[in-house]
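Observations on chain architecture
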Amino acid sequence: MKFRPLHDRVLVKRVEQEEKTAGGIIIPDTVQEKPMEGKVIATGNGVIAEDGTLTPLDVKKGDRILFGKWSGTEVKIDGDDLLIMKESDILGIID
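Residues numbered from 1 in each chain as written. Predicted model: local features only at pLDDT ≥ 70, side-chain atom pairs only at ≥ 80, totals over all residues. Heavy atoms only, no water.

As for the overall build of the chain
Going by this rule: The secondary structure listing takes helices from DSSP runs of H or I that are at least 4 residues long and strands from runs of E that are at least 2 residues long, numbered from the N terminus. Only protein chains enter the accessibility calculation, which uses a 1.4 Å probe; a residue is then buried when its area is under 20% of its type maximum, exposed when over 50%, and partly exposed in between. By the convention used here, residues are in contact when the closest approach between their heavy atoms is within 4.5 Å. Accessible surface area values rest on a Shrake-Rupley calculation with a 1.4 Å probe, where residue burial reflects the displayed protein chains alone.
What the chain contains, in helices and strands, is zero helices and eight strands. Overall, the chain shows an N-to-C arrangement of helices and strands of β-β-β-β-β-β-β-β. Expressed as a percentage of its 95 residues, the buried residues of the chain come to 27%. Considering only contacts within the chain whose residues lie at least 6 apart along the sequence, 62% involve residues at least 24 apart. Accessible surface, the chain: about 7,000 Å² in total, of which carbon and sulfur atoms supply 53%.

Written out as C-alpha cells, the structure is:
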C-alpha cells in the first residue's frame, strides 16, 4: 500500500531502542518506554497560507527526528507500526 500524508502531516517510523542498559541489564518490553526518536517515511506537500501560497515542510523523507512523548496518531500500514503527526509536533532534526 502506498500512503502519502496530506498538508503538514508527516509519516514516521519509530527508531527501536536498545533492549539492554549500558551495564548489560535486559529491559523487558512491559517497562520500556516508547522511543521519541524516529525516521521520516513520507511527508505532505506543506501548509497552504490564507493568501494561497504553499509553504513547504522543513523535514524531508529520511530525516531522523525527535518528537514529543504523546505526539502523533499510531497507525499500522503494511504490518508496520507507524505514526502520523503534524510537523509542529516535531521537536527537531538529528544530524
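Here the narrative resumes, following the displayed structure.
Thoughts on the pattern of salt bridges
The test is simple: Counted as salt bridges are all cases of a side-chain nitrogen of Lys or Arg within 4 Å of a carboxyl oxygen of Asp or Glu.
Counted under the stated rule, the structure contains five salt bridges. Among the salt bridges present, the one from Glu-74 reaches Arg-14, with a minimum N-O distance of 3.5 Å. One end of the pair, Glu-74, is in strand β6 (residues 73-77); the other, Arg-14, is in strand β1 (residues 9-14), with 60 residues separating them in the sequence. On the accessibility criterion, Arg-14 (17% relative accessible area) is buried. Put simply, Asp-63 and Lys-60 hold a salt bridge, and the shortest N to O gap is 3.3 Å. The exposure class of Asp-63 is buried, given its relative accessible area of 10%.

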